[in-house]
Amino acid sequence: MTNRRKWTRARSTRPPDGRVRQSQVVSTFGPGSMLDLLNDAVLVGGLDFWRLKGQGEVVNEPRLLEIVEPLYHRNKWPLSKEAPFRKPPAGDEREPTESCGIQVYEFPRWFVCQNPHCRTLVRANSLERVSQEYRHRCAGGDAKPERCVPVRFVAACPRGHLSDIDWSWWMHERKPCDAPQLKLEEGVSGDFSDIEVACSTCGKRRRLIDMTHKEQQAPCDGERPWLGLEARERCDEKQRLLVRTASNGYFAQTTSAITIPEPESLRRKVQSAWSILQSATAETLPAFRTIAHVQAALGSASNTEVLAAIIAEREHTPEAVPEIRTAEWLQFLAQPQEKPGEMPRDRTEVFWARRIARPQGLPALVERVVLARRLREVQAQVGFTRLEPLSKDLQGRYDLDVALAPMSLHRDWVPVTEMQGEGMLLVLDEQQVHAWELSEPVLRREEVLRAGYERWKQGSGSKLSFPGVRLYLLHSLAHLLMTQVALECGYPASSIRERLYCAPHSDAVPMAGILLMTGTTGAEGTLGGLVEEGRRLGQHLARALEDARLCSNDPVCAHHEPTGRDDRDLEGAACHGCLFLPECSCERFNQYLDRALVVPTLGHEDVAFLKTPWTCAV
């Protein structure tokens, strides 16, 4: 990464100011996120400030475009037909250059002097820069310059806008004195009520907790510094106090697709030559088909079929194909039985899976296990939010009516990462899951979870309907399994991720399955440790459920209700002691969890899907 405020002529020998992995740039540290480098606090620039080598590395995954394209059209953001997905720039550690990397913006611009007797709150342009650090000359003629650090607090709004707090304007209640000299005084507790901003000039003081009161919040100024200094827009929201390093400061909104073998549709072939075919008519199409690139894309399709596909593409008519996760689910279920010694033919096979013989000790509620030695997942970031994450539907689509913060003003592509790895799919018995859903205790529990969801929905503005108790069951079971499998497979819990296949019994293709997978960017695959643990899934499941029966935070955890006084509207019996995982492992931000639906818990013994414990020989 490079600092945009100190941009100089390109020199290939200058090391970057910081380093992050490619996969992090499409999740945790994407455009608009706040990041601490070794000597600076910065804001990651938008796609307009990404410096790619040439046109960048293009990634092809047509099925992912089915989710991304409607979202971009709804927000009126540009999106290329030929190359909509590109990887972040990959820097060269041996020969770093400023022509390849991601520019960042120094943020925040307010600093606090670290002299405990000073604690001056001052802008960066009033400080000295010494040895890559900002220094402040405290009061007193002989005082040496003291080190300063970025202030911990910034202002944000639900639409993703971000700005520095105008401390002088806020502390003086919009009427600053003539020569304000501000200090940030923090008590021992670190609570907002124990932090004050004081002015040495006029003697006025104000507690930081005042900024959390809704009636005292200032209007948002619509600043979007990651898009450039002139990207401000109108906003009707109120500014909210945000701790710069808090987990709710940035929620990357990502979606992904697993590459599966399937014939390419004519619509996708037309998209690959859209720059030429977008103006085609019945009269000009035969001439266009004489172009080598177009002829190679269209093959033997008739002109009538091609024209119909062109018209559908112009009108943005959705293509009649299976939903993205339904297609993956059907592909997994169609895999043949594993044969002894059978392995992928070569490295060009990006999807290779087999159904295995039933692992020893697996309960009857589990129908089958599918092991995937080769998986390719393409993950795209479509935007981000602050303060509150967005929710996806069961197929991984976002609500089109909820606004995302944009990652660019002019770029017509989406940043993606390509993961090569492995995984194991646990398929639950559909009939038994449906019978459990219809039982009276579960229906009562579902109403409680639904009430919490409706309360969350009112505050978030989402229009998605309640996903059903089935999602809570699958998600909670996935977290329990990931925690247990991580102890045995050789991968840390943060490197194992979930993919939930969930659809109600009333759908044409009902789904009730959990895919646990691991992978890495920039490599040809993983070592097979997760796949081998799939053969011992009965043991892992028995241990996970035994550990889940009692949480270290019980009875508080077991008795938590989503309709309680806290703001955990999407969680039942769930906490850091039992179900929460690193957010990079969870596709739903540790929400939609309820341990009581999986195993009997205190006060909820009758709603568990797995009521009877069992033992499994090691």
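Before reading on, note that the structure itself is shown above.
Everything numeric in this text was worked out from a predicted model, so none of it was measured.

Thresholds, definitions, all that
Residues numbered from 1 in each chain as written. Predicted model: local features only at pLDDT ≥ 70, side-chain atom pairs only at ≥ 80, totals over all residues. Heavy atoms only, no water. Axes fitted to C-alpha atoms, helices over the stretch in contact; angles between N-to-C directions. Helix = DSSP H or I, 4+ residues; strand = E, 2+ residues; numbered from the N terminus. Left-handed = near helix turned anticlockwise from the far one by under 90°. Contact = heavy atoms within 4.5 Å. Nonpolar A, V, L, I, M, F, W, Y, C, P; charged D, E, K, R; others polar. Salt bridge = Lys/Arg side-chain N within 4 Å of Asp/Glu carboxyl O. Buried < 20%, exposed > 50% of the residue type's maximum accessible area, 1.4 Å probe, protein only. Pairing = 2+ DSSP bridges. Parallel < 35°, antiparallel > 145°, perpendicular 65-115°, else oblique. Core = buried A, V, L, I, M, F, W, Y, C linked by side-chain atoms within 4.5 Å. Phe/Tyr/Trp six-rings, centres within 6.5 Å; stacked < 30°, edge-to-face > 60°.

(A) Representation of the packing of helix H12 (residues 469-489) against helix H14 (residues 537-548) in the model. Two elements in contact, H12 and H14, have axes whose closest approach is 9 Å; the angle formed by their N-to-C orientations is 115°. Here H12 and H14 pass one another in a crossing that is right-handed. Here Leu 477, Leu 480, Leu 481, Gln 484, Val 485 and Glu 488 of H12 lie close against H14, whose contacting residues are Leu 537, His 540, Leu 541, Arg 543, Ala 544, Leu 545, Asp 547 and Ala 548. Here the residues of the contact of H12 with H14 are counted per class, giving 9 nonpolar, 2 polar and 3 charged.

(B) Layout of the pattern of salt bridges. Scanning the entire structure with this criterion turns up 44 salt bridges. The partner of Arg 499 in a salt bridge is Glu 377, and the shortest N-O contact between them spans 3.8 Å. Of the two residues, Arg 499 sits in strand S22 (residues 496-503) while Glu 377 sits in strand S20 (residues 366-385), which places them 122 residues apart along the sequence. The residues Arg 499 and Glu 377 share a single accessibility class, namely buried. Several salt bridges converge on common partners, so that one network encompasses Glu 57, Glu 61, Lys 87, Arg 376 and Glu 418.

(C) Quick peek at unusual backbone geometry. Note the cis peptide between Phe 107 and Pro 108, where omega equals 0°. Within the fold, Pro 108 resides in the loop between strand S6 (101-106) and strand S7 (110-113). Going from Asp 554 to Pro 555, the amide bond is cis rather than trans, its omega being 5°. Relative to the helices and strands, Pro 555 is located in the segment after H14. Although it is not a glycine, Lys 76 sits at a positive phi angle of roughly 60°. Along the polypeptide, Lys 76 turns up in the loop between helix H2 (62-74) and strand S5 (85-86). A positive phi is found at Glu 173, a non-glycine position, where the angle reads about 55°. Relative to the elements of secondary structure, Glu 173 occurs in the loop between helix H3 (167-171) and strand S14 (182-186). Residue Glu 173 is classed as partly exposed on the basis of its relative accessible area, which comes to 46%.

(D) Examining the sheet that holds strand S9 (residues 128-130) more closely. Pairing is antiparallel in the open sheet, where 8 strands are placed in the order S9-S10-S11-S7-S8-S14-S15-S16. Of all strands in the sheet, those bounded by a partner on one side alone are S9 and strand S16 (205-207). Within the sheet, the average angular offset between the axes of one strand and its neighbour, ignoring direction, is 40°. Bridge count for S7 against strand S8 (residues 120-123) is 3 bridges, and the pairing is antiparallel. In the sheet register, Phe 111 faces S8, and the bridge partner there is Val 122.

(E) View of the packing of H2 against helix H9 (residues 324-333). Following both chains from N to C, one finds H2 and H9 inclined at 155°, their axes separated by 10 Å at the closest point. Taken as axis vectors, H2 and H9 run roughly antiparallel relative to one another. Packed against H2, whose contacting residues are Arg 63, Leu 64 and Ile 67, the element H9 presents Ile 324, Ala 327 and Glu 328 at the interface. Residues that form the contact of H2 with H9 fall into these classes: 4 nonpolar, no polar and 2 charged.

(F) Structural context of the nonpolar core. Among the nonpolar cores identified, the biggest contains 62 residues, and Leu 426 and Leu 428 are the most heavily contacted of them. Of the residues forming this core, the biggest block, 13 residues, is contributed by H12. Beyond its immediate stretch of four places on either side in the chain, Leu 428 contacts Leu 365, Val 366, Glu 367, Val 433, Leu 473, Leu 474, Leu 477, Ala 512 and Phe 609. If you look at the next biggest cluster of nonpolar residues, it comprises 34 residues, including Leu 71, Ile 324, Trp 413 and Val 416.

(G) Focus on the environment of Pro 261. With respect to the helices, strands and loops of the structure, Pro 261 is situated in the loop between strand S18 (251-258) and helix H4 (266-272). In this structure, the C-alpha to C-alpha distance between Pro 261 and Val 350, residues 89 residues apart in sequence, is 8.7 Å. For Pro 261, the contacting residues outside a window of four places in its chain are Gln 331 and Phe 351.

(H) Spatial organisation of the packing of aromatic side chains. Per the counting criterion, the structure on display carries 17 aromatic pairs. When the ring of Tyr 453 is compared with that of Phe 466, the centres are 5.6 Å apart and the planes differ by 65°; the resulting orientation is edge-to-face. Taken as a pair, Tyr 453 in helix H11 (residues 440-460) and Phe 466 in the loop between H11 and H12 lie far apart in primary sequence, 13 residues in all. Judged by relative accessible area, which is 11%, Phe 466 ranks as buried.

(I) Structural context of the sheet that holds strand S17 (residues 240-243). On the basis of which strands lie adjacent, the open sheet formed by 3 strands has the order S13-S12-S17 and antiparallel pairing. Taken across any chain shown, the strands that pair with only one partner, and hence form the sheet edges, are strand S13 (162-163) and S17. Two elements, strand S12 (residues 153-156) and S17, share 4 bridges in a ladder whose sense is antiparallel. Each bridged residue has a counterpart across the sheet, and for Ala 155 the counterpart in S17 is Leu 241.

Spatial relationships are all this shows, so hold off on functional conclusions.
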